[in-house]
Amino acid sequence: MSVDDTIVAPASGAGPSAVAVIRISGPRTRAVLEVLVGRVPRPRQASLRDIGSPALDRGLVLWFPAPKSFTGEDMAELQVHGSRAVVQAVVEAVLAVEGTRLAEPGAFARRAFENGKLDLTEVEGLADLINAETEAQRRQALAQSEGSLRRLYEGWRAELLQAQALMEAGLDFADEADVALDVGVKASAIVAPLLQSIEAHLADRSGERLRDGLRVVIAGPPNAGKSSLLNALAKRDAAIVSEEAGTTRDVIEVHLDLGGCPVILADTAGIRAGRGEVEQEGIRRALARAEDADLVLWVIDATDPVWAPPAPLAAKDVVFALNKSDWGVPPAHNHAAINPLILSAKTGAGLEALIDRLADLAGAESAGSGHISLTRTRHRTELVSSRDALQRFVSHDLSPELKAEELRIAARHLGRLTGLIDVEEVLGAIFAEFCIGK
Ligand SMILES: Nc1nc2c(ncn2[C@@H]2O[C@H](COP(=O)(O)OP(=O)(O)OP(=O)(O)O)[C@@H](O)[C@H]2O)c(=O)[nH]1
Ligand SMILES: [K+]
Ligand SMILES: [Mg+2]
């Protein structure tokens, strides 16, 4: 990719719409404006102009000279009428100017990153903001796009570099044992609390859950009312309900927005032994899906209770739901240990409490309000590598040279998080998430 190119793309999605935005970025932007609208308007002020000559449309023109623009390059935005014909004609008119080409997806964000306008976590936050579906996702993505993770990771890296500088200084005085010991102690005083902060940050899965959705699998014996419960939560007839045991075979998935938090809820086949081949396949899928889930919602039929899930599922996070409570509830000594939510898919009793519980687990309480949580596997991978190096620094009996090397490794992984160093291999994947025009 040459940064000498000037790129253009419609930024407002496939029309038709009242208004469409066409973005231009690169050194030829001024030339493009001179050709399309004549005089270049005042920076950052909208001016109404004929676009093209003869005019293809009349619309608002915005001029953002470098470096005060989204990409850090000369940029312009044209707000035109949002028909396919107008957008196509204006984009073609831009492309007729020499040195311009159509932008690939994510090209504007990539230039912003390369010009130091955004770090990688902010780019990722921006991609999440564009894809946000719920209120809590929006809040989290906005905070990340505005640097919540960048500031945290840059702060940690700065502390590490301090510890590293101490260790390196110690190496220069390696023959003076008390100096070496002293810097080792000082460096450890920086690393130990940092290690704790990284551990706590890694233990918190709320950001990933909020971004990806909490994956909940409804499981239980046949006829417990699993599909009825799914339908009640989804407020539609997504799954077939019948009095016949073994109704559900395929996994049926619905996406819910609970208090602004996304939940991916899956209904599965009732788990029992024996039976036909098709039902067995359904049960195999139910178990596989439940083992993959963040949470198992184990549904118990109050009229024929099976209190616990089978072994592989019992090891997971399980929320117990005692369904068909409209038939009466078994004595408490049977279920005091599992503390089930008592509900009825038929009457709707207890559903609010279930929804509240799921929303809490999906991250409702932590979303927004300054809580900062990592959001992607990429973050987790780099942080784990950084933590491992710091653990070796703290707990191993290493020479000062090797200790200094562990700090370098830890700092390098924090640098990769923000995109400060060696990230070429991840860039393609990150920017490809964007639509064209971003
Ligand atoms: N009285 C009462 N009946 C319920 C309740 N929930 C479900 N049922 C009934 O129980 C029967 C089984 O419901 P389903 O939702 O099909 O149960 P399931 O667990 O999905 O069954 P399989 O898919 O066969 O494993 C149906 O006749 C439902 O109407 C409830 O809360 N109260
Ligand atoms: K059934
Ligand atoms: Mg069912």
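Residues numbered from 1 in each chain as written. Chains lettered and ligands numbered in written order. Predicted model: local features only at pLDDT ≥ 70, side-chain atom pairs only at ≥ 80, totals over all residues. Heavy atoms only, no water.

UniProt feature "binding site: Mg(2+)" (unreviewed entry): in the numbering of this structure it lies at Ser227 and Thr248. Sequence-wise these annotated residues cover 22 residues; spatially they are packed, their C-alpha atoms never more than 7.6 Å apart. The residue Ser227 is located in helix H9 (residues 226–234) in this model. Beyond its immediate sequence surroundings of up to four residues, Ser227 is in contact with Ala239, Ile240, Val241, Thr248 and Asp267. Mapped onto the secondary structure, Thr248 falls in the loop between H9 and strand S8 (252–258). For Thr248, a relative accessible area of 10% translates into the label buried. Within the structure, Thr248 has its side chain in polar contact with the side chain of Ser227 (distance 2.8 Å). (UniProt positions renumbered as here; feature names shortened; annotations may be inferred. Helix = DSSP H or I, 4+ residues; strand = E, 2+ residues; numbered from the N terminus. Contact = heavy atoms within 4.5 Å. Buried < 20%, exposed > 50% of the residue type's maximum accessible area, 1.4 Å probe, protein only. Polar contact = N/O pair within 3.5 Å; in protein donor to acceptor, adjacent residues only side chain to side chain.)

All right, on to the sheet that holds strand S12 (residues 341–342) then. Where strands meet in a sheet, backbone hydrogen bonds hold them as pairs that are either parallel or antiparallel. Here we have six strands laid out as an open sheet, ordered S8-S9-S7-S10-S11-S12, and mixed in their pairing. Each edge of the open sheet carries a strand with a single partner, namely S8 and S12. (Pairing = 2+ DSSP bridges.)

With that settled, the discussion passes to the pairing of strand S2 (residues 17–25). Note: strand S1 (residues 6–10) against S2, four bridges, orientation antiparallel. Bridged to Val8 within S2 is Ile24. The turn linking S1 back onto S2 is made up of six residues, and Gly13 within it adopts a positive phi angle of 80°. Sheet topology note: the S2/strand S5 (residues 75–82) ladder contains eight bridges and is antiparallel.

Next up on the list: the coordination of the magnesium ion (ligand 3). The coordination sphere of the magnesium ion (ligand 3) contains the protein donors Ser227 (OG) and Thr248 (OG1), at a distance range of 2.0 to 2.1 Å. The potassium ion (ligand 2) is placed at 4.9 Å from the magnesium ion (ligand 3). Here Ser227, found in helix H9, pairs with Thr248, found in the loop between H9 and S8; they are 21 residues apart in sequence, far enough to count as distant. Accessibility expressed as a relative area gives 8% for Ser227, which makes it buried. (Donors = N, O, S within 2.8 Å, 3.2 Å for Na, K, Ca; no water.)

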